[in-house]
Structures are given as C-alpha cells and as structure tokens.
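# Descriptive structure summary
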Amino acid sequence: METILNEYDMVVGARFGNGTIQDYVDEDNTYGLIRIEDSTCKWFLYHKEESDDLSQKLYKKVTLQNNHFIRNDFGEEIVLFDKEGSLSFEIFIKKIDEYLDDQLGELF
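The paragraphs below set out a description of the structure included in this document. Please read all numbers here as calculations on a predicted model, not as lab measurements.

## A look at the nonpolar core
One broad trend across soluble globular proteins is that nonpolar side chains are buried collectively. In terms of nonpolar packing, the biggest core is built from 15 residues, with I21, I34, W43, L80, F92 and I96 touching the most fellow members. Where this core is concerned, the elements lending two or more residues are β2 (11-16), β4 (32-36), β5 (39-47), β7 (76-84) and α2 (89-107). Here this core gets five residues from one element, more than from any other, and that element is α2. In contact with I21, other than residues within four places in its own chain, are V12, G13, A14, F16, L33, I34, W43, I96 and Y99. In terms of nonpolar packing, the next biggest core, distinct from the first, is built from eight residues, F44, L58, Y59 and V79 among them.

Quick look at the structure:
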C-alpha cells in the first residue's frame, strides 16, 4: 500500500493496486471511504466506551439500516455501511485490516 499524506504530512489514506482507502470523507471526520474496483463502502472504527458523541450517533443510525456490516474485534468494531457494487463486505474488511495493520506497523 502506498500511503496518502495531507499537507501536514499526516496519513489520511492509502492507494493499492485496485483501489483507495480514506480515513475521513465527511466534514465531521466520523467515517472514511474505501473503493475497490467498481465497488465502494463507507467505514469507521467504533468502541462503545471510547467513541465520541458523533461516532455514537452515527453507530446508532447505521445499525438501523439494512446495508451495514460490523465485525467486533474484542470491543473495537469495524463498521461498514452504504456499500455499493458487487464486492462483499468481507472483501472490504480484509482490505481495511491490511490498511490498519500497515498503520500500526509504522508506529512501531
């Protein structure tokens, strides 16, 4: 993955062979967007006790929709919603995992 940096040299996403992932695409910085080939999906990380009020509200809103998927990793949840295209939520989760693992690897 090739890291995407903003004007302050902070990581804001990544490019990979057949798509991109962005950390935040809304003005409140609550969710990101991942694109793989011709499919897209919005995503964010959620933790019941640690997420801010905007993320809490978004989580409640998303879980009322039919077009969402949540994977719980020991309290930290990857929330996917508003998927468009033919790819499955599992393919998006796999790519988000790779991205998050890359970001953690850079910290250490």
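From this point, the narrative continues.
## Description of the side chain of K83
Within the fold, K83 resides in strand β7. For K83, which is buried and forms no salt bridge, the nearest opposite charge comes from E90, at a distance of 8.1 Å. Among the polar contacts made by the side chain of K83, one reaches the main-chain carbonyl oxygen of L87 at a distance of 3.0 Å. Excluding anything up to four places from it in sequence, K83 contacts T40, C41, N67, S88, F89 and F92.

## Re the packing of aromatic side chains
Overall, the coordinates contain five aromatic pairs when judged by the stated rule. Pairing Y31 with F81 gives two aromatic rings, centres 5.5 Å apart and planes at 80 degrees, and the pair type is edge-to-face. On the criterion of sequence distance, the pair formed by Y31 in the loop between β3 (19-22) and β4 and F81 in strand β7 is long-range, its members being 50 residues apart. Judged by its relative accessible area of 17%, Y31 falls in the buried class. Geometrically, the ring pair formed by W43 and Y99 is edge-to-face, given 6.4 Å between the ring centres and 85 degrees between the ring planes.

## Details of the environment of F44
Positionally, F44 belongs in strand β5. With relative accessibility at 3%, the residue F44 sits in the buried group. The spacing of F44 and I70 is 26 residues in sequence and 9.9 Å in space, taken between C-alpha atoms. Setting aside residues up to four positions removed in sequence, F44 forms contacts with T30, Y31, S55, L58, Y59, V62, E77, I78, V79 and F81.

## Remarks on the sheet that holds strand β1 (residues 2-5)
With antiparallel pairing, seven strands are arranged side by side in an open sheet as β1-β2-β3-β4-β5-β7-β6. Each edge of the open sheet is held by one strand with a lone partner, namely β1 and β6 (68-73). Between one strand and the next, the sheet's axes are offset by a mean angle of 25 degrees, whatever the strand orientation. This element, helix α1 (residues 53-63), spans β5, β6 and β7 of the sheet and lies at about 125 degrees to β5.

Rules of the game
- Residues numbered from 1 in each chain as written.
- Predicted model: local features only at pLDDT ≥ 70, side-chain atom pairs only at ≥ 80, totals over all residues.
- Heavy atoms only, no water.
- Core = buried A, V, L, I, M, F, W, Y, C linked by side-chain atoms within 4.5 Å.
- Buried < 20%, exposed > 50% of the residue type's maximum accessible area, 1.4 Å probe, protein only.
- Helix = DSSP H or I, 4+ residues; strand = E, 2+ residues; numbered from the N terminus.
- Contact = heavy atoms within 4.5 Å.
- Lys, Arg positive; Asp, Glu negative; His and termini not counted.
- Salt bridge = Lys/Arg side-chain N within 4 Å of Asp/Glu carboxyl O.
- Polar contact = N/O pair within 3.5 Å; in protein donor to acceptor, adjacent residues only side chain to side chain.
- Phe/Tyr/Trp six-rings, centres within 6.5 Å; stacked < 30°, edge-to-face > 60°.
- Pairing = 2+ DSSP bridges.
- Axes fitted to C-alpha atoms, helices over the stretch in contact; angles between N-to-C directions.

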